[in-house]
Amino acid sequence: MRVSYNWLKEFVDLDISPRELADRLTLAGIAVERIEETGKGIEKVVTGRIETISAHPNADKLVVATVNTGAEKLQIITAATNVRAGDVVPVAVEGARLAGGLVIKRASLRGMESRGMMCSGRELGIDPATMSPEEAHGIMLLPPGTPPGRDAKKVLGLDDAILELDLTPNRGDCLSVIGVAREAAALLGLPFRQPQAVFPELEENISGKVKVEIEARDLCRRFVGRLVKNVRVGRSPLWMQQRLRDAGIRPISNIVDVTNYVMLELGQPMHAFDYNLVREGRIIVRRGREGEKITSLDGVERELTPDMLAITDPSGPVAIAGVMGGLATEVSKKTTAVLLEAAYFDPTSIRRTSKALGLRSEASLRFEKGIDIDGCAGASARAVQLITGMEAGEAVAGMVDNYPGLVPEKTLSLRSERATHILGVEVPREETFNILTNLRFKVEDTGNEMLVTVPTYRVDVSREIDLIEEIARMYGYNRVPVTLPYGLSTAGIKTGKQAFLDRIQELLAGSGLYEVVTYSFVHPRVFDRMNLPENSPLRDTVKIQNPLSEENSVMRTMMLPGLLEVLAKNYSRRVQNGAVFETGKVFYPRRGDSLPEERLVLSAASMGRTAGSWNTPSREMDYYYLKGVLENLFRELGTAPVAYRPETANPSFHPGRTASLETGNEKLGVLGELHPDVLEKFDIPEKVTAFELDLAGLLAVSGRPLQYGALPKFPGIERDIAIIVGQDTPAAEIMDTIRSAGGELLQSVSLFDLYRGEPVPEGNQSMAFSLKFQALDRTLTDAEAGERTEVIARALAARFGAELRG
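Computed from a prediction, not measured in an experiment: that's the story for all the values here.

*Asks:* Any details on the overall build of the protein? Residues and values, ideally.
*Replies:* Looking only at helices and strands, the protein has 21 helices and 39 strands in total. A compact globule built from 806 residues should have a C-alpha radius of gyration of about 28 Å, whereas the protein, at 40 Å, is more than 25% larger. The burial tally for the protein puts 48% of its 806 residues in the buried class. Of the contacts made within the protein by residues no fewer than 6 positions apart, 69% connect residues no fewer than 24 positions apart. Accessible surface, the protein as shown: approximately 40,800 Å² in total, 49% of it carbon and sulfur. A gap of 3 Å separates the mean positions of the 96 positive and 109 negative side-chain charges of the protein.

*Asks:* An account of the packing of helix α14 (residues 496–510) against helix α17 (residues 623–637) is needed here, citing residue identities and associated values.
*Replies:* As a packed pair, α14 and α17 sit with axes 10 Å apart at the nearest point and diverge in direction by 140 degrees. One element, α14, and the other, α17, form an angle in the oblique class. The hand of the α14/α17 crossing is right-handed. Here α14 contributes Phe500, Arg503, Ile504, Leu507 and Leu508 to the contact with α17, which in turn contributes Val629, Leu633, Glu636 and Leu637. Here the residues of the contact of α14 with α17 sort into seven nonpolar, no polar and two charged.

*Asks:* Could you give an account of the domain arrangement of the protein, with specific residues and numbers?
*Replies:* Entries for the protein in the domain assignment read domain 1 (2–38 + 161–188), domain 2 (43–156), domain 3 (201–402), domain 4 (411–479), domain 5 (496–700) and domain 6 (717–804). The gap between the C-alpha centroids of domain 1 and domain 2 is 34 Å.

*Asks:* Just give me the short version of helix α9 (residues 362–369), but keep the residues and values in it.
*Replies:* Here α9 has its buried residues at Ala363, Ser364, Arg366, Phe367 and Glu368. As for α9, its buried residues are in contact with α7 (254–266), β21 (338–345) and α8 (347–357). Following α9 by one or two positions, Gly370 adopts a phi angle in the positive range, close to 100 degrees.

*Asks:* Give a description of the nonpolar core that names residues and reports values.
*Replies:* Within the largest apolar cluster, 120 residues are counted, with the highest numbers of intra-cluster contacts made by Leu21, Phe223, Ile311, Leu340, Phe345 and Phe441. Among the elements that take part in this core, helix α5 (residues 177–188) stands out by supplying eight residues, more than any other. Setting aside residues up to four positions removed in sequence, Leu340 forms contacts with Val224, Gly225, Arg226, Val228, Thr259, Met270, His271, Ala272, Ala383, Val384 and Ile387. One finds Leu633, Leu637, Leu668 and Val701 within the second-largest nonpolar core, a separate group that totals 32 residues.

*Asks:* Give me the pairing of β21: which residues, what numbers.
*Replies:* Summarising burial for β21: eight of the eight residues are buried, a large majority. In terms of strand pairing, strand β13 (residues 220–229) meets β21 through eight bridges, oriented antiparallel. From the neighbouring strand, Val224 faces β21, where its bridge partner is Ala342. With five bridges connecting them, strand β14 (residues 270–274) and β21 associate as antiparallel partners. Note on β21: the bridge partner recorded for Met270 is Ala342.

*Asks:* Give me the lowdown on the environment of Gly578, citing residues and values where you can.
*Replies:* Along the chain, Gly578 turns up in strand β30 (residues 578–590). Distance from Gly578 to Met621, taken between C-alpha atoms, is 8.2 Å for residues 43 residues apart in sequence. Setting aside anything within four residues of it in sequence, one finds Gly578 in contact with Leu567, Ala605, Ser606, Met607 and Met621.

*Asks:* Any details on the environment of Lys569? Residues and values, ideally.
*Replies:* Here Lys569 is to be found in helix α16 (residues 560–572). With 115 residues separating them in the primary sequence, Lys569 and Ile684 have C-alpha atoms 9.1 Å apart.

*Asks:* Account for the sheet that holds strand β35 (residues 688–694), naming residues and giving values.
*Replies:* Strand order in this open sheet of seven strands is β27-β30-β31-β35-β34-β33-β32, and the pairing throughout is mixed. Where the open sheet ends on each side, the last strands, each with one partner, are β27 (514–515) and β32 (643–646). Where strand β34 (residues 666–674) lies against β35, five bridges are found, and the strand directions are antiparallel. Within β35, the residue paired with Glu673 across the bridge is Thr689. The sheet strands contacting α14 are β27, β30 and β31 (593–607), and the helix crosses β30 at an angle near 150 degrees. Against the sheet, α16 touches β30, β31, β33 (653–663), β34 and β35, its axis set at about 40 degrees to β31.

*Asks:* I'd like a rundown of the pattern of salt bridges, residues and numbers included.
*Replies:* All chains considered together, the criterion is met by 57 salt bridges. Here Arg539 and Asp528 are joined by a salt bridge, their closest N and O atoms 2.5 Å apart. You can see Arg539 sitting in the loop between α15 (526–529) and β29 (554–555) and its partner Asp528 sitting in helix α15, a full 11 residues away along the chain. With a relative accessible area of 18%, Arg539 lands in the buried category. A relative accessible area of 35% places Asp528 in the partly exposed class. One salt bridge in this structure joins Glu620 and Lys687, with 3.0 Å as the shortest N-O distance. Of this pair, Glu620 sits in the loop between β31 and α17 while Lys687 sits in the loop between α18 (676–681) and β35, placing them 67 residues apart in sequence. Salt bridges sharing partners connect three or more residues here, namely Arg171, Asp173, Glu183, Arg458, Asp460, Glu470 and Arg473.

What counts and how
Position numbers for residues count from 1 along each chain, tracking the sequence in the order it is written. Residue-level local features of this predicted model are given only where pLDDT is at least 70; pairs of side-chain atoms are given and counted only at 80 or more, and the full residue set underlies all totals for whole chains, interfaces and linings. For side-chain calculations, the full set of non-hydrogen atoms in the structure is used, while hydrogens and water are omitted. Only DSSP runs of H or I covering at least 4 residues are called helices, and only runs of E covering at least 2 are called strands; the numbering of each starts at the N terminus. For this measure, only C-alpha atoms enter the radius of gyration; the expected value for a globule follows 2.2 Å times N^0.38, where N is the number of residues. Buried, partly exposed and exposed residues are distinguished by accessible area as a fraction of the type maximum, computed with a 1.4 Å probe on protein chains only: under 20%, between the cut-offs, and over 50%, respectively. We call two residues in contact when some of their heavy atoms are within 4.5 Å. Under the convention used here, a 1.4 Å probe and the Shrake-Rupley method define accessible areas, while residue burial counts only the protein chains that appear. His is not counted, nor are the chain ends, whereas Lys and Arg count as positive and Asp and Glu as negative. To locate a charge, the coordinates of NZ of Lys, CZ of Arg, CG of Asp or CD of Glu are taken. With axes taken as lines fitted to C-alpha atoms, and helix axes fitted only over the stretch in contact, angles between N-to-C directions fall between 0 and 180 degrees. Roughly parallel refers to an angle under 35 degrees, roughly antiparallel to one over 145, roughly perpendicular to one between 65 and 115, and oblique to any angle outside these ranges. Handedness of a helix crossing follows the sense of rotation of the near helix relative to the far helix, less than a right angle counterclockwise being left-handed and clockwise being right-handed. Three categories are distinguished: nonpolar for Ala, Val, Leu, Ile, Met, Phe, Trp, Tyr, Cys and Pro, charged for Asp, Glu, Lys and Arg, and polar for the others, with Gly belonging to the last. Domain borders in the structure are assigned automatically or taken from a domain database. The definition of a nonpolar core used throughout is a set of buried Ala, Val, Leu, Ile, Met, Phe, Trp, Tyr and Cys residues joined through side-chain atoms within 4.5 Å. The pairing criterion for strands is at least two bridges between them, as found by DSSP. Each reported salt bridge corresponds to a side-chain nitrogen of Lys or Arg within 4 Å of a carboxyl oxygen of Asp or Glu.

Now the structure itself:
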């Protein structure tokens, strides 16, 4: 919110500088981010009337003007095409300084002397976005009756200071000049002048000419309409234009400018309809209908829904309530009568409509924060006063005020002892009374408590604690004594679940994987890219009501697509080696519950090779690489033994190179190579290995303490055993059988060779295992180790039909 210091002075006789006022407001919770001094640095710019204009004898695109500045007549050469004899313009005379530091000197242009410069708005420091292209880049034209020789800064209102406020969301009342003026008056203990709108009216009455019907009474609690006839649409006065510009609003026409001016001054958004274009002069405030469309003032056709509030006439919508007017009833140069609207719309409805349409306006901003329902009639009267005051129209007597349910006064109880307890300082009762009355609250002191009636424009004050906050900020936070906090305190610690997640992230990062964070919402087509069948439960997603785009319209049910997009993006930028992981949530809808089920998941993906060095060869980041990462993770987390069983049902993974990770009867997740079709859809030409684990399940089977034992005193014996078994026999099952048959003497078993081909029979494979036997209480003999090896061989033969290989 940008507020003019000079505008504030119309309501409060300020006797301090803009800087001091900014400091006082900031200390009271109305933060002033910066102060902009309009016209700062501009010197010796006066008003001048162009008396003659003639073509330059030596240049086709230049003209020679004689400009009367009051004190003298100057010859000025210009290339501007929008000036004529008789126009009044800002003139920078010799020695003048303009915005940006440009100094004007006498110059010779194509053999003719130029003793100054006629100025555009940009050269006077006015924001081009708040001006028409002609004013911004051509010469700025002043009202015809402006006398020459006056200080152009004062004529244009450039001798002002603009306070840029950073308001908290609850202070919607300060989105107006009058709201800030009330604050300033209360802070400084100065009288506040409440504006009164007085204007002449025609004998003709509005009764029967304008009808207002409110069908959606829950969304529109008041609608005030006034009628102005004999309207003459044109430019608004210069002072009004400049105040709008100072607030960042571009002047359009006198009627539209008045509605914007009243909104800035009083905080009440208004709209002007071309009365002759409103069918039957009848306004109907109702919800939008399915498929109903309106073309808004910005020329965009927008579709309404039953959740949106529409201003309509019998033929259809004429405005989107509280957001933007419709093009069909726009005020134009042909307009001869206007219907002025000042209404109160439900803040939540306006916020949702604005967000759904992607249309945020100054009006919607104020409605969203809540406006003064009792200010509608006064704002409409002020608008009529301004229109009649500039002789742009004549007011039809009376107004239409549809106010279905009067808002009762809000009276709160304030206890002095409660205020003292909250603030930590006792504010004298008399000072409390004065603070609240200066804020224009009605206060009745009953002795035990104060009964405080809150003005309707202070929608943020609804509880006793709000009154205490008002006392604190007006009393001065700097006057509250500094004390140390007291009471019992405890050190914060992480929960077991949080510590578990931290440990996982540390271990995976220590294993060489990079942690990434991807979006929780995805495109629905991502499930096609992951090869999921149409009936897959993972396609049952939580849909986002207002997605930023179709690309991010549903919540994810699996983590891998995000990681694959990361790898694909890196691969396209020639980063062809890498491993990434993410811990996050996936979301599943719950029947009968508006909130989804959220599950914590750990996912990782790798491609390419590890980085090698002179003494460490590079290795492929394949299935066995990630399996090793997982085994290290499980060991460090104290996870129960995990079995890797063949997985062929997951359509996203390669059916012959994928394992299901299980412990007991619980499935923890999946590990394997991704299906070539999936990689093709993600534009990844490299082989990618990935895993996805359910972290809740992992947490449930982890946390076993690590057990340590004494170093063995007696040597062990190593034996190798090579067997021939069928190619489909899993190594894990063979190793389980070896451990079971080996008994307590078998300390470790590992597969060190796998061979297929001659002389091994077709359909079979040779597998060689290294066995280590060791006793803790004695030195084993070769006979004991041989006997145990034979037991293992017999067990393998019995279960798998294994034959010892010679």
